[in-house]
Each structure stands twice: as structure tokens, then as C-alpha cells.
Amino acid sequence: MTVLRSVLLFLLAALLEIGGAWLVWQGTREHRGLAWIGAGVLALGAYGFVATLQDDANFGRILAAYGGVFVAGSLAWGMVVDGYRPDRYDVIGALVCLVGVAVIMYAPRGR
């Protein structure tokens, strides 16, 4: 699997999980209704399938690395969709997480 394909799968997973959680939030907390909640549940389910498409067979490694993508993606989602303005510590934390993703997923290993 190429690094590019792996990164694209992580980005798709983040879009589905963060977007799904946001839809559930909107349906529940913003009283937009069951259709929003249902769409969110479907997106969250789809996220689970996308995560299985990574080439690495180690569930723990994939989910640990994805956690860093989730952190950075959540901040980006908040900026784009909700107008959130992260402070420098948010940005530094997200960058640290993305470095962790790179180390966990793409460091050379003897196989």
C-alpha cells in the first residue's frame, strides 16, 4: 500500500467519523431531529469499514495512528464548519499528533 493511499484512507475515515459525530451532535444538541442523527449513525458505521481498508493488519497500530488524524481533523472541522479558532497550543498539539501518525505508520520496519 502506498503512503498516499494510506493517508487518503485516514482522511476519509476522519471525514466520516467527525462528520458523523457532528451530525449526531446537531440532531441532538441543536434539535435538528432524527434524520440528522440517523445520517450521523450511518456515517459513523461507514467510518468503521473504511478503517479496515488500511493494509497493516494490526488493529491497534491503525487505530493509534488514526487517533492523531482524528485530533488534527477535529480541529480543522471546527475551523471550517463551526468557525472555531484554535490557539497556538491547539496547533502545536495537532502537529505533535501528526508526527506521531507518521512515526507509527510510516517508519521503516524490518518485516
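What comes next concerns the included structure. What you see is a predicted model; the values in this text were computed from it and never measured.

1. Some points on the packing of helix H1 (residues 3–29) against helix H3 (residues 59–82)
Okay, step 1: The interhelical angle for the contact between H1 and H3, taken along N-to-C directions, is 55°, at an axis separation of 9 Å. Taken together, the axes of H1 and H3 are oblique relative to one another. For the crossing formed where H1 meets H3, the hand is right-handed. Taking contact as the criterion, the partners of Phe10, Ala13, Ala14, Leu15, Glu17, Ile18, Gly19 and Trp22 in H1 are, on H3, Ile62, Ala65, Tyr66, Val69, Phe70, Gly73, Ser74, Trp77, Val81 and Asp82.
Okay, step 2: In terms of residue class, the contact of H1 with H3 is made up of 13 nonpolar, 3 polar and 2 charged.

2. Considering the nonpolar core
Okay, step 1: Core analysis: the largest hydrophobic core is formed by 15 residues, its most contacted members being Phe10, Tyr66 and Val69.
Okay, step 2: Of all the elements in the fold, those that place two or more residues in this core are H1, helix H2 (34–51), H3 and helix H4 (88–106).
Okay, step 3: The greatest single-element share of this core, amounting to 6 residues, is contributed by H1.
Okay, step 4: Residues in contact with Phe10, not counting those within four places in the same chain, are Gln54, Ile62, Ala65, Tyr66, Val69, Met105 and Tyr106.

3. Observations regarding unusual backbone geometry
Okay, step 1: Even without being a glycine, His31 presents a positive backbone phi close to 55°.
Okay, step 2: Mapped onto the elements of the fold, His31 is located in the loop between H1 and H2.

4. Things to note about the packing of aromatic side chains
Okay, step 1: All chains considered together, the criterion is met by 5 aromatic pairs.
Okay, step 2: With a centroid separation of 6.3 Å and an interplanar angle of 55°, the aromatic rings of Tyr66 and Phe70 are classed as tilted. Taken together, the residues span about one helical turn, with Tyr66 and Phe70 both in helix H3 at a distance of 4 residues.
Okay, step 3: The rings of Phe10, Tyr47, Tyr66 and Phe70 are connected pair by pair, giving a single aromatic cluster.
Okay, step 4: The ring of Trp36 carries the charged tip of Arg32 above its face, separated from the ring centre by 4.8 Å.

5. As for the side chain of Asp56
Okay, step 1: Along the polypeptide, Asp56 turns up in the loop between H2 and H3.
Okay, step 2: For Asp56, a relative accessible area of 14% puts it in the buried group.
Okay, step 3: Of the polar contacts made by the side chain of Asp56, one reaches the side chain of Arg61; its length is 2.8 Å.

6. Topic: H4
Okay, step 1: Here H4 is 19 residues long and its end C-alpha atoms lie 26 Å apart, about the 27 Å a rise of 1.5 Å per residue gives.
Okay, step 2: Within the sequence span of H4, burial applies to Ala94, Val101 and Met105. One face of H4 carries all of its buried residues, which in axial projection span an arc of 10°. The exposed set on the far side of H4, more than 90 degrees from its buried face, consists of Arg88, Tyr89, Leu95, Val96, Val99 and Val103.
Okay, step 3: At the N-terminal end of H4, a side-chain oxygen is found 3.0 Å from the backbone nitrogen of Tyr89, two or three residues along, and the residue is Asp87.

Cut-offs used in this document
- Residues numbered from 1 in each chain as written.
- Predicted model: local features only at pLDDT ≥ 70, side-chain atom pairs only at ≥ 80, totals over all residues.
- Heavy atoms only, no water.
- Axes fitted to C-alpha atoms, helices over the stretch in contact; angles between N-to-C directions.
- Helix = DSSP H or I, 4+ residues; strand = E, 2+ residues; numbered from the N terminus.
- Parallel < 35°, antiparallel > 145°, perpendicular 65-115°, else oblique.
- Left-handed = near helix turned anticlockwise from the far one by under 90°.
- Contact = heavy atoms within 4.5 Å.
- Nonpolar A, V, L, I, M, F, W, Y, C, P; charged D, E, K, R; others polar.
- Core = buried A, V, L, I, M, F, W, Y, C linked by side-chain atoms within 4.5 Å.
- Buried < 20%, exposed > 50% of the residue type's maximum accessible area, 1.4 Å probe, protein only.
- Phe/Tyr/Trp six-rings, centres within 6.5 Å; stacked < 30°, edge-to-face > 60°.
- Lys NZ or Arg CZ within 6 Å of the ring centre and 35° of its normal.
- Polar contact = N/O pair within 3.5 Å; in protein donor to acceptor, adjacent residues only side chain to side chain.
- Expected span 1.5 Å × (residues − 1).
- Arc of directions from axis to C-beta.

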